[in-house]
Amino acid sequence: MLRLVSLKLGRLYRYVKLAVLGSLAAALVLNTHSLLASLQRNELSERRFLQLNKCPACWGTSWCRKFLNGQLRLESWGRLRLFDFFNVKNVYFARYGEPREGSRRVVLKRLGSTQELADIDTKICRRATGRGRCDLLQALHATEFASLNGDVRLLTPDAVEGWSDLVHCPSQRLLDRLVRRYAETKDSGSFLLRNLKDSERMQLLITLAFNPEPLVLQSFPSDEGWPFAKYLGACGRMVAVNYVGEELWSYFNAPWEKRVDLAWQLMEIAEQLTNNDFEFALYLLDVSFDNFAVGPRDGKVIIVDAENVLVADKRLIRQNKPENWDVWYESKFDDCDKEACLSFSKEILCARVTVDHNYYAICQNLLSRHATWRGTSGGLLHDPPAEIAKDGRLEALLDECANPKKRYGRFQAAKELREYLAQLSNNVR
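In short, a report on the structure. Only a predicted model underlies this, so the values are computations on that prediction, with no experimental measurement involved.

### Things to note about the pairing of strand S5 (residues 238-242)
Consideration 1: Buried residues dominate S5, accounting for four of its five residues.
Consideration 2: In the sheet, strand S3 (residues 102-109) pairs with S5 via four bridges, with the strands oriented antiparallel. Directly across from Val-107, in S5, lies its bridge partner Val-241.
Consideration 3: Two elements, strand S4 (residues 231-235) and S5, share four bridges in a ladder whose sense is antiparallel. Bridging from a neighbouring strand, Tyr-231 pairs with Val-241 of S5.
Consideration 4: Hairpin remark: S4 followed by S5, antiparallel, with two residues in the connecting loop; positive phi at Gly-236, about 65°.

### Side note on the nonpolar core
Consideration 1: Formed by 90 residues in total, the largest nonpolar core has its most connected members in Phe-145, Phe-228, Met-267, Phe-292 and Leu-367.
Consideration 2: Membership of the second largest hydrophobic core comes to 20 residues, among which are Trp-63, Leu-74, Ala-94 and Ala-240.

### Considering the packing of aromatic side chains
Consideration 1: Counting across every chain of the model gives 16 aromatic pairs.
Consideration 2: Each ring, one from Tyr-408 and one from Phe-411, has its centre 6.2 Å from the other, and the planes form 70°; the classification is edge-to-face.
Consideration 3: Residue classification places Phe-411 among the buried residues on the basis of a relative accessible area of 13%.
Consideration 4: Members of the aromatic cluster, each reached through a chain of ring pairs, are Phe-220, Trp-226, Phe-278 and Phe-280.
Consideration 5: A cation over a ring is seen here: Arg-105 above Tyr-243, with NZ or CZ 4.5 Å from the ring centre.

### Concerning the side chain of Asp-165
Consideration 1: For Asp-165, the position within the fold is in the loop between helix H7 (144-147) and helix H8 (172-180).
Consideration 2: Only 3.2 Å separates the side chain of Asp-165 from the side chain of Asn-308, close enough to count as a polar contact.
Consideration 3: When sequence neighbours within four positions are dropped, the list of residues in contact with Asp-165 reads Leu-285, Asn-308, Val-309, Leu-310, Val-311 and Lys-346.

### Some details on the pairing of S3
Consideration 1: Two strands pair when backbone bridges link them, and strand S2 (residues 91-98) and S3 are joined in this way by eight bridges, in the antiparallel orientation. Along S3, the bridge assignment pairs Tyr-92 with Leu-108.
Consideration 2: Linking S2 to S3, which pair antiparallel, is a turn of three residues.

### What about empty space enclosed by the protein?
Consideration 1: If you walk through the whole model with that rule in mind, you get two cavities of 30 Å³ or more.
Consideration 2: In this structure, the largest cavity occupies an estimated 50 Å³ of space.
Consideration 3: Lining the largest cavity are Leu-284, Asp-286, Asn-291, Phe-292, Ile-303, Asp-305, Ala-306, Glu-307, Asn-308 and Val-309.
Consideration 4: The residue makeup of the lining of the largest cavity, split by class, is five nonpolar, two polar and three charged.

About the criteria used
- Residues numbered from 1 in each chain as written.
- Predicted model: local features only at pLDDT ≥ 70, side-chain atom pairs only at ≥ 80, totals over all residues.
- Heavy atoms only, no water.
- Buried < 20%, exposed > 50% of the residue type's maximum accessible area, 1.4 Å probe, protein only.
- Helix = DSSP H or I, 4+ residues; strand = E, 2+ residues; numbered from the N terminus.
- Pairing = 2+ DSSP bridges.
- Core = buried A, V, L, I, M, F, W, Y, C linked by side-chain atoms within 4.5 Å.
- Phe/Tyr/Trp six-rings, centres within 6.5 Å; stacked < 30°, edge-to-face > 60°.
- Lys NZ or Arg CZ within 6 Å of the ring centre and 35° of its normal.
- Polar contact = N/O pair within 3.5 Å; in protein donor to acceptor, adjacent residues only side chain to side chain.
- Contact = heavy atoms within 4.5 Å.
- 1 Å grid on protein atoms, 1.4 Å probe; cavity = no way out; pocket = protein on both sides within 12 Å on 5 of 7 lines; lining within 4 Å.
- Points joined across faces, edges and corners; volume = space filled by probe spheres on them.
- Nonpolar A, V, L, I, M, F, W, Y, C, P; charged D, E, K, R; others polar.

Structural data, given as structure tokens:
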């Protein structure tokens, strides 16, 4: 009986697959003329495609000259709008050309699905008029994004309360950093909000409220050693970042030596974001295999999705001394049936100096046997060599890091795991 059901489901899957392929083929035939036109024209030089008409309710304009001059072109199938149905996240790959530098690959992001971007317009309209539809540009001037105008000297914590994960617990020091490093202005370097043009100020605030990823990349740049993709610029509702390489997922079945090195780098990233000389703790609230990529030449692991990053100012926590501020915080293991589950309290992350969240997120969702992704399990360090499996130390450290049995066990396990992975990595080099 079970075999019969399995055969029927197999046939049904094949029929559905053939139907989808047939529909795509028919669409290609029926739209041959428009498809050829799409391949010939450069949509990245079109204001409508870039949604420049939404500005200043957009991500910026610093790269508009490059876009409009045709220096960026979508790669291959990215030029065909027919395939936008499958591109839910609105992420595109393109070639960027400079006369002296030649051509290089970049990643373009709208920073949201089509529906999420439409929701931004709706939220702005509701804030201004109470209705879901309106003249967007006119409505902007009736929102808090416009009330923080040229008369306002500083962007303060009260003004951004509840906006996004990045400023869930903002300090003045963090907000000054965001304004000073804002890359969508020609006069960056000042923390004074009033030094920005009206349009630049609204772009900054809207980005901070709806998708702060560009601000994370600008404020904690790769040029200074932070493990994020390099921010290049924006035009309308399209931002450009440096192409890093293949997603971490593609290394799931790489040789053991390679996976050990990648695991060590991931634990080093967790340590750097948690403890650094700037006394900003950057907590990753969304950790999965597609949020990291690996450089093809240097093999370096980089975070390529930084939308859900909470920044806590440890200096401010020490100064204000909230309740239990100096008590070590242990994240609770989340044994759920879904992919990339994490259990955390934003309020506690904002109020403790010593937190193990990043170690927990990397161990549970990427490295240990608890990690599941796209139907696989076992984590990045699955199937170790026989001598390492027999020794048992690696499995024990991974288990304690993901789901500690001792009090403060994850802190110690993360430290020892970093050292052990470094030792294994050196041994295989």
